[in-house]
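Structure assessment
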Amino acid sequence: GASLEGTSLSGFQGFVVTGGEIANDGTPKQPDENLDTRHFKRGMLTLRNSGDNSNSSRFMITLDRTENLNGYNNAIGELVSGDEVLKEIEENLTRHGNAKE
């Protein structure tokens, strides 16, 4: 099966951390689950998509309220512990959204 090993994280400080991009993994796109769930705080886990019913292995973790994601991406859960790790990841993002080496 597919694995996230070897994939990288990127994102933008104060917005989201993104990851899970598996190139050509053959994973079928999944239907939207619930576009009504709101991105109302830091630590929301969201499936990224590129249109209706296009969820795959890509994900985002919000770093703040991200209301502009509401209605477009599926919020499927939230961080219950480990915010210190999320803060460390956020601090290591560059202005351009890439992780520092």
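Structural data are supplied above this passage.
The present account deals with the structure reproduced in this document. Computed from a prediction, not measured in an experiment: that's the story for all the values here.

As summarised here, the arrangement of the five strands in space is β1-β2-β4-β3-β5, forming an open sheet in which the pairing is antiparallel. Each edge of the open sheet is held by one strand with a lone partner, namely β1 (10–12) and β5 (74–78). The sheet shows a mean angle of 25° between the axes of neighbouring strands, direction not considered. Summarising the sheet, β1 and strand β2 (residues 16–19) pair through three bridges and their orientation is antiparallel. Bridging from a neighbouring strand, serine 10 pairs with threonine 18 of β2.

Position of phenylalanine 15 relative to the elements: it lies in the loop between β1 and β2. C-alpha of phenylalanine 15 to C-alpha of threonine 66: the two residues are 51 residues apart in sequence and 6.8 Å apart in space. In contact with phenylalanine 15, other than residues within four places in its own chain, are Ile61, Thr62, Leu63, Asp64, Thr66, Asn68 and Leu69.

As for its placement among the helices and strands, histidine 39 is situated in the loop between β2 and β3 (44–47). Engagement of the side chain of histidine 39 in a polar contact is seen with the side chain of threonine 46, the distance being 3.0 Å. Every residue in contact with histidine 39, bar those within four places of it in the chain, is listed here: Met44, Thr46, Thr62, Arg65, Thr66, Glu67, Leu69, Asn70, Asn73 and Ala75.

A few words on the pattern of salt bridges. In the structure shown here, the tally under the stated rule is five salt bridges. A salt bridge links arginine 42 to glutamate 90, with the nearest nitrogen and oxygen atoms 3.2 Å apart. One end of the pair, arginine 42, is in the loop between β2 and β3; the other, glutamate 90, is in helix α1 (residues 83–91), with 48 residues separating them in the sequence. Using a relative accessible area of 25% as the deciding quantity, one classes arginine 42 as partly exposed. Residues joined in a network through salt bridges with shared partners are Arg42, Asp83, Lys87 and Glu90.

About the thresholds
Residues numbered from 1 in each chain as written. Predicted model: local features only at pLDDT ≥ 70, side-chain atom pairs only at ≥ 80, totals over all residues. Heavy atoms only, no water. Pairing = 2+ DSSP bridges. Helix = DSSP H or I, 4+ residues; strand = E, 2+ residues; numbered from the N terminus. Axes fitted to C-alpha atoms, helices over the stretch in contact; angles between N-to-C directions. Contact = heavy atoms within 4.5 Å. Polar contact = N/O pair within 3.5 Å; in protein donor to acceptor, adjacent residues only side chain to side chain. Salt bridge = Lys/Arg side-chain N within 4 Å of Asp/Glu carboxyl O. Buried < 20%, exposed > 50% of the residue type's maximum accessible area, 1.4 Å probe, protein only.

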